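Tertiary structure, described
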Amino acid sequence: MVGPSSSHTRVHAARQIARALFHGTPDKVTFYLHGSFATVYKGHSTDRALLGGVMKFKTSDKRIPTAFEFAKKIGLKYDFVCTDLGQKYHPNTVKIVLEKWTASR
């Protein structure tokens, strides 16, 4: 993971919490990137880190640079949406929506 930084620490915590609350493996995940995350997420590899976290990668996992390929391999759909969540949110906020379409996964 690129970093370390406080932003990356928050990303790691948020994705682990989201994944822990979600039962099973999601079929799709949508990341709504707010504020500075919406402008720097690709350059800082935040997109790969977020996706890796949903797939239960640890921050030191060597697969993070290939998170997109790994997600495709396991059939996990994903989307990154740059959005404005409003002024009440911190500039480094990511809203994570996990979806499950089937009971077999």
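Here goes a summary of the coordinates provided. (Residues numbered from 1 in each chain as written. Predicted model: local features only at pLDDT ≥ 70, side-chain atom pairs only at ≥ 80, totals over all residues. Heavy atoms only, no water.)

1. Re the pattern of salt bridges
Here is the rule we go by: A pair is scored as a salt bridge if a Lys or Arg side-chain nitrogen falls within 4 Å of a carboxyl oxygen belonging to Asp or Glu.
Here the structure, examined in full by the defined rule, presents one salt bridge. A salt bridge links D61 to R63, with the shortest nitrogen-to-oxygen separation between them at 2.7 Å.

2. Details of the sheet that holds strand β2 (residues 77–83)
Consider a sheet: its strands pair through backbone hydrogen bonds, and that pairing is either parallel or antiparallel. What counts, and what does not: Pairs of strands are assigned from DSSP output, requiring at least two bridges between the strands. Every helix listed is a DSSP run of H or I at least four residues long, and every strand listed is a run of E at least two residues long, numbered separately from the N terminus. What counts as an axis is a line fitted to C-alpha atoms, over the stretch in contact for a helix, and the angles between N-to-C directions run from 0 to 180 degrees. Contacts between residues were defined by any pair of non-hydrogen atoms, one from each residue, lying within 4.5 Å.
The strand order across the open sheet built from three strands is β2-β1-β3, with neighbouring strands paired in mixed fashion. Each end of this open sheet is capped by a strand with a single partner; those strands are β2 and β3 (94–99). For this sheet, the mean inter-axis angle between neighbouring strands, taken without regard to orientation, is 15°. Alignment of strand β1 (residues 28–34) against β2, held across seven bridges, turns out to be parallel. The residue of β2 that forms the bridge with K28 is K77. Where helix α3 (residues 46–54) meets the sheet, its contacts fall on β1, β2 and β3, and the angle it forms with β1 comes to roughly 140°.

3. With respect to the side chain of T93
Stated formally: Using a 1.4 Å probe on the protein chains alone, a residue whose accessible area is under 20% of its type maximum counts as buried, one over 50% counts as exposed, and one in between counts as partly exposed. Polar contact is the term for a pair of N or O atoms within 3.5 Å; when the atoms are in protein, one must be able to donate a hydrogen and the other to accept it, and sequence-neighboring residues count only if both atoms are side-chain atoms.
Mapped onto the elements of the fold, T93 is located in the loop between β2 and β3. Look at T93 and you get buried, because its relative accessible area is 15%. Here the side chain of T93 touches H90 through a polar contact of 2.6 Å, landing on its backbone oxygen. T93 has contacts with Y32, L33, H34, F37 and L85, leaving out every residue within four places of it along the chain.

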